[in-house]
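Residues per chain, in single letters:
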Amino acid sequence: EKQQSLLLESAARFPPPKGVKLSYGTAGFRADASLLESTVFRVGILAALRSLKTGSVIGLMITASHNQVSDNGVKVADPSGGMLTQDWEPFADAIANAPDPHSLLQLITEFAKEEDIVFEGRQPPEVLLGRDTRPSGEALLDAAKQGITSIVGAIGTDMGVVTTPQLHWMVRARNRGIEASESSYFHQLSSSFRCLMDLKPEGIRKNGDDNALVVDGADGVGGEKLEHFKKMLTGLCIEVRNRGEGMLNEGVGADYVQKEKVAPRGFGPADAGLRCASLDGDADRLVYFSVILNESNKIELVDGDKILSLFALFIKEQLSILNDGESKKDNDSYQAHLGVVQTAYANGASTDYLKEMGLEVVLTPTGVKYLHEKAAEFDIGIYFEANGHGTILFSEAYLCRLESTHKTLLSTSEGSAKQKAASRLLAVSQLINQAVGDALSGLLLVEVILQYMGWSICRWNELYHDLPSRQLKVKVGDRTAVVTANAETVAVQPVGIQEAINTEIAKYPRGRCFIRPSGTEDVVRVYAEATTQDAADALASSVARLVD
Ligand code: NG1
Ligand code: ZN
């Protein structure tokens, strides 16, 4: 009863905006920040309930990633540091849209009953809170706290301004008994980075560019953090631009660079040939690029697919060193199951390349929650969205095996090459964020692999040649009218539209095209690919007309 009145009382302070229906999309709730106070308050309640249910620490992140600065958003991190379980999304939708405190209370009571949530638990529920640099973040964080504390005994711990992956990492760390602070995060990344640098083969040839890297921080939290973090890194010389002096995500950031294929603000002809990278507004996406000489702000884009390919190549090489000659012996010749996960947005040339490498490639719908879940089925699963969001997951069982192999190798005189390969894989599992895609840890892994290979960004980019592609977005009355199947490669509704799309595709050699409703914006997205840019553009715009 104390619980009920507490909820009613606090909910009355956060009336929902009228006439808006919100849904927990690809990346939580996102909208104009002025609409979100009540939603964030309610997500605070949800996070506290999730903590009660799981007996673990939960995360709540306030960010709208690459969206314009006036937007904001909120998402929940589960105990593993991954996204909120999909089973709870309908509840999130329901409470976000409950019209008044009484209906909210009723939904919560029913849900708690269904989920067997006991309010007076043994340990108090705890939620770690984080936010990006958006000006609306502070007020929303306060709303989240009030949501959390409207569950009796619940604690909201403010981690301050952090990147999305930092918050997810901290949640994972806390639940594994590791200190959940920014300094422990930086410490883990920098020490595993150093370990990988020390394990570089000797006598690597330099191929073109040096260890200098210029990073576009999207005028968000990532640039700020990297500026601080870079002092802890040896063997790498990083210059960070767009650290927050300009407008967040305006003509800067990984989303802009990847979608528009142009250099971000603050980069120009003088940077031609340099190795450059771009983070998004909350630093969970990473793309590389180099400015083309004499071509104003045109770039060679090295996107998430190519980061994935580089990672896959490196991991595969370590695994084959480790397995070298093993098949002939009968002892411990375990072959790790390595898989890669992409979405329909992956460039067709990347998928071909990965398959030619002999890798198992799986497609899932857009949204990290789907890719992550798939990648977790492998011993080592690498996932990336073309936009640069991805990571490498190591299964617990495989890590155990690797650790014991590593120990055995250390104690025998047998080939130190194998022992180094095992050390490298273990270091990668420490460096690369196991909770979620992380631009900072991804960047360090790219850098160390390029040095290991002795590759310039050009050499890396030559792994395969992207097919020309075009992405468009179409504003429609109701984007939910588009329903897709087969990892979003086919539109099953509106009826007949897929046939019409097929007719357009048939006009272009190697043509590929699909449509899907965005989970973060009120648009239908169109993606097209063909052998020339003109053809990709024409295919995209003719299909966009079908959607309109
Ligand atoms: P939507 O708006 O559902 O396309 C976008 C990205 C996703 C993912 C989410 C979350 C594209 C085409 N879509 O989702 O890949 O990153 O944002 O940030 O890039
Ligand atoms: Zn992001």
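## Concerning the overall build of the chain
Here comes step 1: In terms of helices and strands, the chain carries 18 helices and 19 strands.
Here comes step 2: Expressed as a percentage of the 548 residues in the chain, the buried residues total 58%.
Here comes step 3: For the chain, the proportion of contacts with a sequence separation of at least 24, taken over those separated by at least 6, is 71%.
Here comes step 4: Surface exposure of the chain reaches about 21,900 Å², of which carbon and sulfur atoms provide 51%.
Here comes step 5: Each charge class in the chain can be summarised by its mean position, and for the 55 positive and 72 negative side chains these summaries are 2 Å apart.

## Digging into the side chain of Ser 190
Here comes step 1: Within the secondary structure, Ser 190 is located in helix H7 (residues 182-198).
Here comes step 2: Only 2.8 Å separates the side chain of Ser 190 from the backbone oxygen of Phe 186, close enough to count as a polar contact.
Here comes step 3: At 3.3 Å, the side chain of Ser 190 and the backbone oxygen of His 187 are in polar contact.
Here comes step 4: What Ser 190 contacts, discounting residues up to four positions off in sequence, is Phe 229, Met 232 and Leu 233.

## Regarding the site of ligand 1
Here comes step 1: Neighbouring residues of ligand 1: 16 residues in total, closest Arg 516, Ser 518, Gly 519, Thr 520 and Arg 525.
Here comes step 2: In this structure, Arg 285 approaches ligand 1 through a side-chain N or O atom, which is 3.1 Å from an oxygen atom.
Here comes step 3: Within the side chain of Thr 520, a nitrogen or oxygen atom sits 2.5 Å from an oxygen atom of ligand 1.
Here comes step 4: Expressed as a share of its isolated accessible area of 430 Å², the protein-covered part of ligand 1 is 96%.

## Examining the coordination of the zinc ion (ligand 2)
Here comes step 1: Each protein donor to the zinc ion (ligand 2) is listed here as Ser 65 (OG), Asp 280 (OD), Asp 282 (OD) and Asp 284 (OD); together their distances run 2.0 to 2.2 Å.
Here comes step 2: Coordination geometry of the zinc ion (ligand 2): the four donor atoms subtend angles of 85 to 171° at the metal centre, consistent with an arrangement described as irregular.
Here comes step 3: All donors of the zinc ion (ligand 2) belong to a single chain; written as a sequence motif, their spacing is S-x214-D-x1-D-x1-D. Placement of Ser 65 in the loop between strand S2 (58-62) and strand S3 (71-77) and of Asp 282 in the loop between strand S8 (276-279) and strand S9 (286-291) is noted, with a sequence separation of 217 residues between them. Each member of the pair, Ser 65 as well as Asp 282, carries the same accessibility label: buried.

## Quick word on the packing of helix H3 (residues 89-96) against helix H4 (residues 101-114)
Here comes step 1: Put simply, H3 and H4 touch, their axes get as near as 9 Å, and they point 160° apart. Overall, the two elements H3 and H4 adopt an arrangement that is roughly antiparallel. For the crossing formed where H3 meets H4, the hand is left-handed. Packed against H3, whose contacting residues are Phe 91, Ala 94 and Ile 95, the element H4 presents Leu 104, Leu 107, Ile 108 and Phe 111 at the interface.
Here comes step 2: Of the residues belonging to the contact of H3 with H4, the class tally is seven nonpolar, no polar and no charged.

## A closer look at H7
Here comes step 1: The terminal C-alpha atoms of H7 lie 24 Å apart, and with 17 residues this matches the ideal 24 Å at 1.5 Å per residue to within 8%.
Here comes step 2: Turning to H7, its buried residues are Ser 184, Tyr 185, Phe 186, Gln 188, Leu 189, Ser 190, Ser 192, Phe 193, Leu 196 and Met 197.
Here comes step 3: For H7, the elements touching its buried residues are helix H6 (164-175), helix H8 (221-229), helix H10 (304-323), helix H14 (416-431) and helix H15 (439-453).

## A word on the environment of Gln 188
Here comes step 1: Relative to the elements of secondary structure, Gln 188 occurs in helix H7.
Here comes step 2: When its relative accessible area of 18% is taken as the criterion, Gln 188 is described as buried.
Here comes step 3: Not counting residues up to four positions away in its chain, the partners in contact with Gln 188 are Trp 169 and Gln 430.

## Some words on H3
Here comes step 1: For H3, the set of buried residues is Glu 89, Phe 91, Ala 92, Ile 95 and Ala 96. One side of H3 carries all its buried residues, which in axial view fall inside an arc of 160°.

## Observations regarding the environment of Lys 407
Here comes step 1: Tracing the backbone through its elements, the reader meets Lys 407 in helix H13 (residues 396-411).
Here comes step 2: Between the C-alpha atom of Lys 407 and that of Ser 423, which follows or precedes it by 16 residues, the distance is 9.8 Å.

## Quick notes on the packing of aromatic side chains
The geometry of an aromatic ring pair comes down to the distance between the two centres and the angle between the two planes.
Here comes step 1: Evaluation of the coordinates by the stated rule reveals 17 aromatic pairs.
Here comes step 2: Plain terms: the ring middles of Tyr 353 and Tyr 464 are 5.4 Å apart, the flat faces sit at 40° to each other, and that makes the pair tilted. Of this pair, Tyr 353 sits in helix H11 (residues 348-356) while Tyr 464 is found in the loop between helix H16 (457-461) and strand S15 (469-474), placing the two residues 111 residues apart along the sequence.
Here comes step 3: Aromatic ring contacts, followed pair by pair, group Trp 169, Tyr 185, Phe 186 and Phe 229 into a single cluster.
Here comes step 4: Sitting over the ring of Phe 267, Arg 241 keeps its end group 4.7 Å from the ring centre.
Here comes step 5: The cationic tip of Arg 459 hangs over the ring face of Trp 455; the distance from NZ or CZ to the ring centre is 4.2 Å.

## Focus on the domain arrangement of the chain
Quite often, the size of an interface is put as the accessible area lost when its parts meet.
Here comes step 1: Along its sequence, the chain is carved into domain 1 (2-180), domain 2 (211-301), domain 3 (305-461) and domain 4 (469-547).
Here comes step 2: Computed from C-alpha coordinates alone, the two centres of domain 1 and domain 3 are separated by 33 Å.
Here comes step 3: Between domain 1 and domain 3, the residue contacts involve 13 residues of the former and 13 residues of the latter.
Here comes step 4: Both sides of the domain 1 and domain 3 interface together cover about 1,100 Å² of buried area, and 58% of this is carbon and sulfur.
Here comes step 5: Area buried by domain 1 at its contact with domain 3 is led by Met 83, Gln 86 and Pro 165, which between them contribute 42% of it.
Here comes step 6: Counting across the domain 1 and domain 3 interface gives two salt bridges.
Here comes step 7: Arg 176 serves as the salt-bridge partner of Glu 396, at 2.3 Å between the closest nitrogen and oxygen.
Here comes step 8: Between the two partners, domain 1 and domain 3, sit three residue pairs in polar contact (both at pLDDT 80 or more).
Here comes step 9: The element best represented in the side of domain 1 that touches domain 3 is H6, accounting for four residues.
Here comes step 10: Across the side of domain 1 that touches domain 3, the residue classes break down as three nonpolar, seven polar and three charged.

## Topic: the sheet that holds strand S19 (residues 524-529)
Here comes step 1: A sheet is described by the order of its strands in space; here three strands give the open sequence S15-S19-S18, paired in antiparallel fashion. Lying at the two open borders of the sheet, with one neighbouring strand each, are S15 and strand S18 (512-517). When strand polarity is set aside, the average angle formed by the axes of neighbouring strands in this sheet is 15°.
Here comes step 2: Bridge analysis of S15 against S19 gives six bridges, and the strand direction is antiparallel. Bridge pairing in S19 places Arg 470 opposite Ala 528.

Parameters at a glance
Per chain, residue numbering runs from 1 following the sequence as it is written. To read the labels, note that chains go from A and ligands from 1, taken in the order they are written. Whole-chain, interface and lining totals are the exception, using all residues; otherwise, since this is a predicted model, local features are given only for residues with pLDDT of at least 70 and side-chain atom pairs are given and counted only at 80 or more. Derived side-chain values reflect all non-hydrogen atoms in the structure, with water molecules and hydrogen atoms excluded from consideration. For helices the rule is a DSSP run of H or I covering at least 4 residues; for strands it is a run of E covering at least 2, with both sets numbered from the N terminus onward. For the exposure calls, accessible area comes from a 1.4 Å probe over protein chains only, and a residue counts as buried if that area is under 20% of its type's maximum, exposed if over 50%, partly exposed in between. Only heavy atoms enter the contact rule, under which two residues are in contact if any of them lie within 4.5 Å. Surface accessibility in these figures is a Shrake-Rupley result with a 1.4 Å probe; residues are shielded only by whichever protein chains are displayed. In this charge count, Lys and Arg are treated as positive and Asp and Glu as negative; neither His nor the chain ends contribute. By convention, charge coordinates are those of NZ in Lys, CZ in Arg, CG in Asp, or CD in Glu. Two N or O atoms count as a polar contact when they lie within 3.5 Å, although within protein this holds only if one can serve as hydrogen donor and the other as acceptor, and sequence-adjacent residues are included solely when both atoms are side-chain atoms. We define proximity as follows: a residue is near a molecule or strand when any one of its heavy atoms falls within 4 Å of that partner. Water is not among the atoms examined, so metal sites may look incomplete; donors are the N, O and S atoms within 2.8 Å of the metal, or within 3.2 Å for Na, K and Ca. Labels for metal geometry use angle windows, namely 85 to 135 degrees for all angles of a four-donor tetrahedral site, and for square planar (four donors) or octahedral (six donors) sites opposite donors over 155 degrees apart plus all others within 65 to 115; sites meeting none of these are irregular. Inter-axis angles, ranging from 0 to 180 degrees, are taken between N-to-C directions of lines fitted to C-alpha atoms, where helices are fitted over the stretch in contact. Relative orientations are named as follows: roughly parallel for angles under 35 degrees, roughly antiparallel for angles over 145 degrees, roughly perpendicular for angles from 65 to 115 degrees, and oblique for any other angle. Crossing handedness is defined as follows: a turn of the near helix away from the far one that is anticlockwise and smaller than a right angle gives a left-handed crossing, while the clockwise case is right-handed. Asp, Glu, Lys and Arg are counted as charged, while Ala, Val, Leu, Ile, Met, Phe, Trp, Tyr, Cys and Pro are counted as nonpolar; the rest, among them Gly, fall into the polar class. By this rule, a helix spans an expected 1.5 Å times one less than how many residues it contains. The directions considered for the arc run from the helix axis to the C-beta atoms. The criterion for an aromatic pair is that two Phe, Tyr or Trp rings (for Trp, the six-membered ring) have centres within 6.5 Å, with stacked assigned to planes under 30 degrees apart, edge-to-face to planes over 60 apart and tilted to the rest. Comment: the charge-over-ring label is applied if NZ (Lys) or CZ (Arg) is within 6 Å of the ring centre and within 35 degrees of the ring normal. Note: domain ranges come from an automatic or database domain assignment. What gets called buried area is simply the loss in accessible area from a 1.4 Å probe that two parts show on being joined, summed for both. Salt bridges are defined by distance alone: a side-chain nitrogen of Lys or Arg within 4 Å of a carboxyl oxygen of Asp or Glu. Pairing between strands is defined by DSSP: at least two bridges between the two strands are required.

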